[in-house]
Each structure stands twice: as C-alpha cells, then as structure tokens.
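# Geometric and topological summary
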Amino acid sequence: MRYTQSGLPANAVTHGSCGGWWTGLGRSHCASCHETFSGESAAGRHRVGAHGVDRRCMDPATVGLVARPMPFGTLWSWPAPEVALSALRGGAVAS
Ligand SMILES: [Zn+2]
Ligand SMILES: [Zn+2]
C-alpha cells in the first residue's frame, strides 16, 4: 500500500470537517455524526425522522449495524454481508 506525505494511504478519502478518513469505494460518511458506513444503505439505516423536521442520527449499534475495526477507525456495516449474499445466491458459504 502506498502512503502519502500525510501518512494516509494514497487512496484515502478525507473529510475536512472532522479530519476523518477512510478507504474503499462506495463508503458513506455521515456529515452529522461523522461515522463512516460501508455504503449508502448502511448509512441510511442510522438516519431517522422526517427531513427538515426531526431528521437525526441514531447510534449505529442500535439499528442493527455492526462495527468493524478498520485502519481508519470504525466502519459500520450490515452484519455478515458475505453470508447473506451467499444465501441469496443459494450457494454454500465458502470456508
Ligand atoms: Zn449520522
Ligand atoms: Zn466527518
């Protein structure tokens, strides 16, 4: 892995507001609570309430998301997506 002068991986995405960073295509970083999610669907899961009324963030752990330790911190994602996808395809889980 290549690193930039700032010490971050060359493919890191940074958020200036909080100084957070992450890597990976399709990640979703919340501009309100600054948690990083595996994707749009996972991020949407922690946002509740009506737009412009009481739209707010939930603690990701309370809405069924799982914290995965990553080099950049916590990545919130769906529980065991690989297993779920494999089940959808009707195939056995490779081990
Ligand atoms: Zn949030
Ligand atoms: Zn942020």
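Residues numbered from 1 in each chain as written. Chains lettered and ligands numbered in written order. Predicted model: local features only at pLDDT ≥ 70, side-chain atom pairs only at ≥ 80, totals over all residues.

Named according to an unreviewed UniProt entry, the chain is C2H2-type domain-containing protein originating from Kitasatospora kifunensis.

## Considerations on the UniProt feature "domain: C2H2-type" (unreviewed entry) in the chain
The condition that has to hold: UniProt positions are given in the numbering used here, feature names are shortened, and annotations may be inferred rather than shown by experiment. Numbered from the N terminus, helices here are DSSP runs of H or I no shorter than four residues, and strands are runs of E no shorter than two.
Feature annotation in UniProt places "domain: C2H2-type" (unreviewed entry) on residues 30–51, given in this structure's numbering. Taken end to end, residues 30–51 has its terminal C-alpha atoms 15 Å apart, with 27% of it in helix and 18% in strand.

## Let's talk about the pairing of strand S8 (residues 73–77)
Quick note on the threshold: Any two strands with at least two DSSP bridges between them are considered paired.
Bridging between strand S4 (residues 36–37) and S8 involves 2 bridges; their strand directions are parallel. Pairing of Thr36 across the sheet is with Leu75, part of S8. Relative to S8, strand S7 (residues 66–70) runs antiparallel, the two sharing 5 bridges. Directly across from Arg68, in S8, lies its bridge partner Leu75. A loop of 2 residues connects S7 with S8, the two strands running antiparallel in sequence.

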